[in-house]
Amino acid sequence: DKPDSLFFNDGVRKIDFVMVYEDEDNVTKRRREFFEASLMNMGMELEATQSVINDKLMFVKVHMPWDMLCTYAEVLHIKLPIQPNDLSSRPSPWQFFHFITRHFYPNEDLIKKETEYFTAPFEKNRQEFFHITDKDSFFTPSTRSRMAFYLLSRAPYEIRGNIKKFGINKLLDSGVYKAAYPVHDCQFNVRSQDHGCPNERFLLYQEWAHPKSFYKMQPLDLIRKYYGEKIGIYFAWLGFYTIMLTLAAAVGLACFIYGYKTQETSTWSKEVCDPEIGGKIVMCPQCDRECKYWRLNSTCEASKKLCIFDNYGTLVFAVFMAIWVTLFLEFWKRYQAELEYQWDTVEFLEQEQPARPEYEAKCIYERKNPVTGVKEKVPFTGCGRCVRVSLGIGTVIFWILLILASIVAITVYRLAAFFAFSARLRAQDLKELEPLKEYVTPQMATSVTASLISFVVIMVLNVLYERVAIWITNFELPRTKTDYENSLTLKMFLFQFVNYYSSCFYIAFFKGKAVGFPGDPVYILGKYRNEECDPGGCLIELTTQLSIIMGGKAIWNNIQEVLLPWVKNLIFRYCTSATSEKVIPRWEQDYRLQPFSKLGLFYEYLEMVIQFGFVTLFVASFPLAPVLALVNNLFEVRVDAWKITTQFRRVVPEKAQDIGAWQPILQGVAILAVATNAMIIAFTSDMIPRLVYYWSFSVFPYGQHATHTMEGYINSSLSVFDTSNFSNDSRPMGNFTGISSCRYRDFRFPPGHPRQYQFNMHYWHVIAAKMAFIIVVEHVVYLTKFVLSYVIPDVPYAVREQIKREKYLTQVILHETNLKLVTK
């Protein structure tokens, strides 16, 4: 009759883990009984309880006695309190504003600040030196669950000759057990009536996961205490990233507003829209035969929209983002160092991590450990490891080539679709779309449909490759879970990087760069005329591609993360609803929740890092990317919190020192972002050609104006083509006798010139300016990044002091005491 009881039936022994099984055959039963006998031989205590709702279902509760907890706390090098922290924390410079800022923090009356302790790795034979006031609360529930899972992962369930099979994971995969999990301490929305219950889940829901708390800072210490360091460090990183995004979003929004306000005053945009200038310029067809001549002022609206994203504010914002990303990574290192110290993961070394059960099960070869000098078992020889890694690398390369092949296929679709849309989207065909006529151009129709197809291909390839990456990583057999996750992280990121960004790289750096001129166009596969940019430039198309992929990805992820678990839980509760009013115990309530994926956090990190790439790599084309990312992340933090607190069973707590392999990946993206943004401004936008015209070609000796001006830029940027020079294959169909010449975007000599249709002086000036811009911007930004990285220390001074103090105390209390005894 106690639905929130966390104890065995005697009300004394705590439940550290729960295993669930159903009616079984003889083989399954034999394995389960052998496994449970192994656990009891290790010293664990078990108690079986029948389900309240389903008579076939049995729950096995697991308890670790005090002596066993002490033993495995030492085995796992768990750091525990030795004495309260006696270093006074320095007053915060924001202390004065505490009265205002306290409303943005969790309620201090509910979530009280815990006492800080100096800690040391536990030693069973020196218990008297540790701060043990109450044996029942000395080991937190999350620490007890972690130790219980360590033993469950190593207990054998079958021994045949020299082959030993072990581990709860194998039993779960084979169906011997239906589930295994630590229990939540109460319901998420109702405070427990049990006086001994800490109600941490309820507090987390009220002050963190509930929508009404969206404006509050996260209670990271409580998250870490309840779910473990690995979950805590993820939410700390996500919260820090979201806070830093507010600055980037504010500057990006200002840049967008500046572009929006100046679109009507742009000189070159006015010339495009002017009936006397743009209205009299006849442009050459952009495809063979089917395409017609067109007037430049038909792209008036597109040129105005381009001004919003292609202006001098964008250049300032791109440089700002390069500095921002450096500050973000450097300040995160400092914040991470503080968390490492507070959460006792400063010396969390590779040697402290136990080997994965899957690794231990395959250890059949002997080798000498180069660190300890002791012989140890390994699963493969040096040659075998080389073969496994080579096969993995080959498979990854094959799949990356498969993505590139899909990009080529989408490019061919673009060429064919543009040809088809050019033939169909004529003025007489758009009468029913009169209000949209100026927007529904062949280029825009091609860009939008290709972006949608690209998004679908990305999603399909993601699902396929995910399974391949997991299979390769399992085949490579990494030793520890950290090794496993780092290996999988690298493979998945390489794939997703190519998958998500390749279409953007194509539009930014390849599309419209090698198209020839109307009399001699470049063909792909000997059939399709190479794709030209929209008359306003490729920047608008890159913006369209980014917004569709970013928006579609955010919507799809939220459907997967929120809707699916909620619907599954709803269906499961409906199917297993009790026929009578019965009190359902805590462990059975948790069984009705969704299991947390083994790689659950991996996908959360991957989603955010891919978003980080969109925010930094292509921000010069889309200043609103940080704004969209900020809005998404404000929801993401609370959605992830709501999901993990209400929809999933309690996660098995894990240690983690940092964000792992994601840190160098973020640093790599930050370095690449400087180059991509400089190249987008140089080669994709029209900023450099406009600056070259303004400073050089608008005045003597090249221009006729007395002062520097943008007047005449449009005429200067369009070359002339004689329509009689069209080949029979590319000449437009129809009667165009009145048109003797047309214009196209390029810097070439006019017909009749001794070097007709060859690049002119203006072209080489522009190329030189683009190269100089890239070199200067990259060097200035990289130098600034280097100086900032050097000036900002990775570990705060106060944290270094506390680490030294803790090491000193450990030395004094645990080691010098023994030395005194020996001396006596």
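Chains are numbered independently. Their residues run from 1 in the order of the written sequence. Predicted model: local features are reported for residues with pLDDT of at least 70 only, side-chain atom pairs are reported and counted for 80 or more only, and whole-chain, interface and lining totals are derived from all residues. The basis for the side-chain values is all heavy atoms of the structure; hydrogens and waters are excluded.

*Asks:* It is not clear to me how the overall build of the chain should be interpreted in this structure. Could you clarify?
*Replies:* A helix here means a DSSP run of H or I that spans at least four residues, while a strand means a run of E at least two residues long, and both kinds are numbered starting from the N terminus. Helix and strand counts for the chain stand at 25 helices and 18 strands. Residues count as neighbours in contact if any of their non-hydrogen atoms are within 4.5 Å of one another. Residue pairs in contact within the chain that sit at least 24 positions apart in sequence constitute 76% of those at least 6 positions apart. In these tables, accessible area is a Shrake-Rupley quantity obtained with a 1.4 Å probe, and a residue counts as shielded only by the protein chains included in the view. Total accessible area on the chain stands at roughly 39900 Å², and carbon and sulfur atoms take up 61% of it.

*Asks:* Would you mind showing me how to read helix 5 (residues 141-152) here?
*Replies:* One full turn of an α-helix is made of 3.6 residues, so residues set three or four places apart face in the same direction. Compared with an ideal rise of 1.5 Å per residue, which puts 12 residues at 16 Å, helix 5 spans 16 Å between its outermost C-alpha atoms and is within 8% of the ideal. Taking burial as the measure, the 12 residues of helix 5 include 10 buried ones, the bulk of the element. Restricting attention to buried positions, one finds in helix 5 the residues Ser142, Thr143, Arg144, Ser145, Arg146, Met147, Ala148, Tyr150, Leu151 and Leu152. What a helix is expected to span follows from its residue count: subtract one and scale by 1.5 Å. For each residue, the accessible area found with a 1.4 Å probe, counting protein chains only, is set against the maximum for its type, and the residue is called buried under 20%, exposed over 50%, and partly exposed in between.

*Asks:* Sorry if this is basic, but what is going on with the nonpolar core here?
*Replies:* Nonpolar side chains in soluble globular proteins tend to be buried together. Each nonpolar core is a collection of buried residues, namely Ala, Val, Leu, Ile, Met, Phe, Trp, Tyr and Cys, held together in the definition by side-chain atoms within 4.5 Å. Formed by 136 residues in total, the largest nonpolar core has its most connected members in Tyr227, Trp237, Tyr241, Trp324, Phe328 and Phe614. Sequence-distant contacts of Tyr227, defined by excluding residues within four places in its chain, comprise His184, Leu204, Trp208, Ile644, Thr645, Val651, Pro653 and Glu654. If you look at the next biggest cluster of nonpolar residues, it comprises 45 residues, including Leu46, Met64, Tyr72 and Phe139.

*Asks:* How should I be thinking about the confidence of the model for the chain in this particular structure?
*Replies:* Caution is warranted with low-pLDDT regions, since their predicted coordinates should not be read in detail. Averaged over every residue, the pLDDT of the chain is 83; residues scoring 70 or more account for 90%. Residue-level confidence of the predictor, termed pLDDT, takes values from 0 up to 100. Between residues 427-436, whose pLDDT stays under 50, and residues either more than four places distant or in other chains, the model counts 5 contacts.

*Asks:* Before we go on, may I ask you to explain the state of the cysteines in this structure?
*Replies:* A covalent bond between the sulfur atoms of two cysteines is what we call a disulfide. The term disulfide is used for any two cysteine sulfur atoms that are within 2.5 Å. Under the criterion given, the structure shown has 2 disulfides. At a sulfur-sulfur separation of 1.9 Å, the disulfide partner of Cys273 is Cys300. Judged by the sign of its S-S torsion, about 100°, the bond between Cys273 and Cys300 is right-handed. Here Cys300 lies in helix 11 (residues 300-309) and Cys273 lies in helix 10 (residues 267-273), a separation of 27 residues in the sequence. Overall, the relative accessible area of 15% leaves Cys300 in the buried class. Shown here is the disulfide that connects Cys284 with Cys742, its sulfur atoms set 1.9 Å apart.

*Asks:* Help me out: how do you make sense of the side chain of Gln206 in this one?
*Replies:* The topology assignment puts Gln206 in helix 7 (residues 200-209). Not counting chain neighbours up to four residues away, the residues in contact with Gln206 comprise Lys212 and Ser213.

*Asks:* Looking at this structure, I do not really get a nonpolar patch on the surface. What am I missing?
*Replies:* Patch building starts from residues that exceed 30% relative accessible area and form no salt bridge, then joins like charges within 9 Å and nonpolar side chains (Val, Leu, Ile, Met, Phe, Trp, Tyr) within 5 Å. By definition, a salt bridge exists where a carboxyl oxygen of Asp or Glu is found within 4 Å of a side-chain nitrogen of Lys or Arg. A grouping of Ile555, Trp556, Ile559, Leu563, Trp566, Val567, Leu570 and Ile571 is seen on the molecular surface, where their side chains present a nonpolar patch of about 730 Å² in accessible area. In this fold, Trp556 is placed in helix 17 (residues 539-575).

*Asks:* Help me out: how do you make sense of the packing of helix 7 against helix 8 (residues 220-227) in this one?
*Replies:* The axes of two packed helices give the description: the angle between them and the distance between them. Axis separation between helix 7 and helix 8 bottoms out at 11 Å; the angle between their running directions is 145°. Along this stretch, helix 7 crosses helix 8, giving a crossing that reads as left-handed. Residues Glu200, Arg201, Leu203, Leu204 and Trp208 of helix 7 touch helix 8, and the partners they reach there are Leu222, Ile223, Lys225, Tyr226 and Tyr227. Axis geometry follows a simple rule: fit a line to the C-alpha atoms, using only the stretch in contact for helices, then measure angles between N-to-C directions, giving values from 0 to 180 degrees. Crossing handedness: left-handed means the near helix sits turned counterclockwise from the far one by under a right angle, and right-handed means the same turn made clockwise.

*Asks:* Sorry if this is basic, but what is going on with unusual backbone geometry here?
*Replies:* Among all residues except glycine, the phi angle is most often negative; among peptide bonds, the trans geometry is most common. For the bond running from Phe700 to Pro701, omega is 10°, close enough to zero to count as cis. Secondary-structure assignment places Pro701 in the loop between helix 22 (687-697) and helix 23 (713-717). In this model, Leu477 sits at a positive phi of 60°, which is unusual for a non-glycine residue. Here Leu477 shows up in the loop between helix 15 (442-476) and helix 16 (481-509). Accessibility expressed as a relative area gives 5% for Leu477, which makes it buried. If you check the backbone angles, Tyr757 has positive phi at about 65° while not being a glycine.

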